[in-house]
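Observations on the three-dimensional arrangement
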Amino acid sequence: MRPVIQLLHFGYHQAMSCIFPVAIFGTLAVSTLIDIPFIPRYDAILLILLGVQYLMYRSGLETLDEIKVICLFHVIGLALELYKVHMGSWAYPDPGFTKLFGVPLYSGFMYASVASFMCQIWRRLRMDMTGWPGFAPSMLLGGAIYLNFFTHHFIPDFRWWLTGLVFIVFWKTRIIYRVRDATYRMPLSIAFVIVGFFIWLAENIATFFNAWKYPDQHETWQLVNFSKISSWFLLVIISVIIVAQLKHVKASQTKTAG
């Protein structure tokens, strides 16, 4: 019976951590079925997601520090979206007042939702890490991964080399998470793969509801290429690196103040 109770508690915290991502996909789904009068779909999605973030903060579901992290990821994601749309990787075909160079401003929230999940699950499961490689190796690797999203249009794609480096750099890193009074461990690289796979599933849902379209989806929707799992795998790594470093800085400041 105890394993079932542990699993239920774990599932509850996972579900609560997914409130913002679920809000995004729910808004995408509903907005394809219901026309909102006097306002373009992309603009309505942006207003709804801003409202969701405000309500989550006011209700205590998210802290001010978590909102700051989400804003940071929104900017990081929006910069990547602007570049990718410019290069023709995908497109946002619908009209909207809040589009910047063909990219709706709500799109940054899809990246920020990953940060929201990371922050929420870190707090709810009282997460910690052992064997963290340190500031320099992790940030350099994270920077190289983010840069590769831009440079692979002009020079060879180093995605698989970077993936190999991830397993090397984080070989000894373990996630420690707690469910009730029990403590569990998981290799960080395995967690990257699992989260990346589920984001790929979410991406299929998003493209199905016309959040954006890849070039091969303009005529008819089809499954997103499996290679995108590796892209999300690498993006999750950037998310974890930034969140982990910010948590480390916050813990150091708290310790110093104490």
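Please refer to the structure higher up on the page.
Here's what I pulled together on the structure shown here. Owing to the predicted nature of the structure, the values given are computational and were not obtained by experimental measurement.

**Section: the packing of aromatic side chains**
In the structure shown here, the tally under the stated rule is nine aromatic pairs. For the ring pair Trp 132 and Phe 170, a centre distance of 5.4 Å and an interplane angle of 50 degrees mean the geometry is tilted. Of this pair, Trp 132 sits in the loop between strand 3 (128-130) and helix 6 (135-151) while Phe 170 sits in the loop between helix 7 (159-169) and strand 4 (174-179); the two residues are 38 residues apart in sequence, bridging distant segments of the chain. Trp 132 gets classed as partly exposed once you look at its relative accessible area, which sits at 24%. Among the residues examined, Phe 170 registers a relative accessible area of 1% and is labelled buried.

**Structural notes on the packing of helix 1 (residues 2-17) against helix 5 (residues 108-124)**
Contact geometry of helix 1 with helix 5 gives a least axis separation of 8 Å together with a crossing angle of 145 degrees. For the crossing formed where helix 1 meets helix 5, the hand is right-handed. Taking contact as the criterion, the partners of His 13, Gln 14, Met 16 and Ser 17 in helix 1 are, on helix 5, Ser 116, Phe 117, Gln 120, Ile 121 and Arg 124. Partitioned by chemical class, the residues of the contact of helix 1 with helix 5 number three nonpolar, five polar and one charged.

**Side note on the packing of helix 2 (residues 19-33) against helix 5**
Running from N to C, helix 2 and helix 5 cross one another at 155 degrees; their axes reach a closest spacing of 8 Å. Of the possible angle classes, the one that applies to helix 2 and helix 5 is roughly antiparallel. Residues Phe 20, Pro 21 and Ile 24 of helix 2 lie in contact with helix 5, whose contacting residues are Phe 109, Met 110, Ser 113 and Ser 116.

**Regarding the nonpolar core**
Tyr 106, Ile 145, Val 166, Phe 192 and Ile 237 are the most contacted members of the largest nonpolar core, which has 67 residues in total. Among the elements that line this core, the one with the most residues is helix 9 (residues 228-257), at 13 residues. In this view, Ile 237 contacts Ile 145, Val 166, Phe 170 and Phe 192; residues no more than four positions away in its chain are not counted.

**Some points on the pairing of strand 4**
Direction of pairing for strand 3 relative to strand 4: antiparallel, over a ladder of three bridges. Each bridged residue has a counterpart across the sheet, and for Thr 130 the counterpart in strand 4 is Arg 174. The pairing of strand 4 with strand 5 (residues 182-187) spans six bridges and is antiparallel. Note that in strand 5 the partner of Arg 178 across the bridge is Thr 183. As consecutive antiparallel partners, strand 4 and strand 5 are separated by two residues, and within that stretch Arg 180 has a phi angle of approximately 55 degrees, a positive value.

**Looking at the side chain of Thr 163**
Relative to the assigned elements, Thr 163 resides in helix 7. For Thr 163, the residues in contact, after removing those within four places along its chain, are Phe 233 and Leu 234.

**Describing the side chain of Glu 66**
Mapped onto the elements of the fold, Glu 66 is located in helix 4 (residues 64-86). Filtering out sequence-adjacent residues up to four positions away, Glu 66 remains in contact with Leu 61, Cys 119, Gln 120 and Arg 123.

**So, the sheet that holds strand 4**
On the basis of which strands lie adjacent, the open sheet formed by three strands has the order 3-4-5 and antiparallel pairing. Of all strands in the sheet, those with a lone pairing partner are strand 3 and strand 5, marking the two edges. Going from strand to strand, the sheet's axes swing by 30 degrees on average, the running direction of each strand aside. Lying over the sheet, helix 1 contacts strand 4 and strand 5, oriented at roughly 105 degrees with respect to strand 4. Against the sheet, helix 8 (residues 188-208) engages strand 3, strand 4 and strand 5, with an angle of about 80 degrees to strand 5.

Each value, and the rule that gives it
- Residues numbered from 1 in each chain as written.
- Predicted model: local features only at pLDDT ≥ 70, side-chain atom pairs only at ≥ 80, totals over all residues.
- Heavy atoms only, no water.
- Phe/Tyr/Trp six-rings, centres within 6.5 Å; stacked < 30°, edge-to-face > 60°.
- Helix = DSSP H or I, 4+ residues; strand = E, 2+ residues; numbered from the N terminus.
- Buried < 20%, exposed > 50% of the residue type's maximum accessible area, 1.4 Å probe, protein only.
- Axes fitted to C-alpha atoms, helices over the stretch in contact; angles between N-to-C directions.
- Left-handed = near helix turned anticlockwise from the far one by under 90°.
- Contact = heavy atoms within 4.5 Å.
- Nonpolar A, V, L, I, M, F, W, Y, C, P; charged D, E, K, R; others polar.
- Parallel < 35°, antiparallel > 145°, perpendicular 65-115°, else oblique.
- Core = buried A, V, L, I, M, F, W, Y, C linked by side-chain atoms within 4.5 Å.
- Pairing = 2+ DSSP bridges.

None of the figures reported here should be taken as evidence of function without further support.
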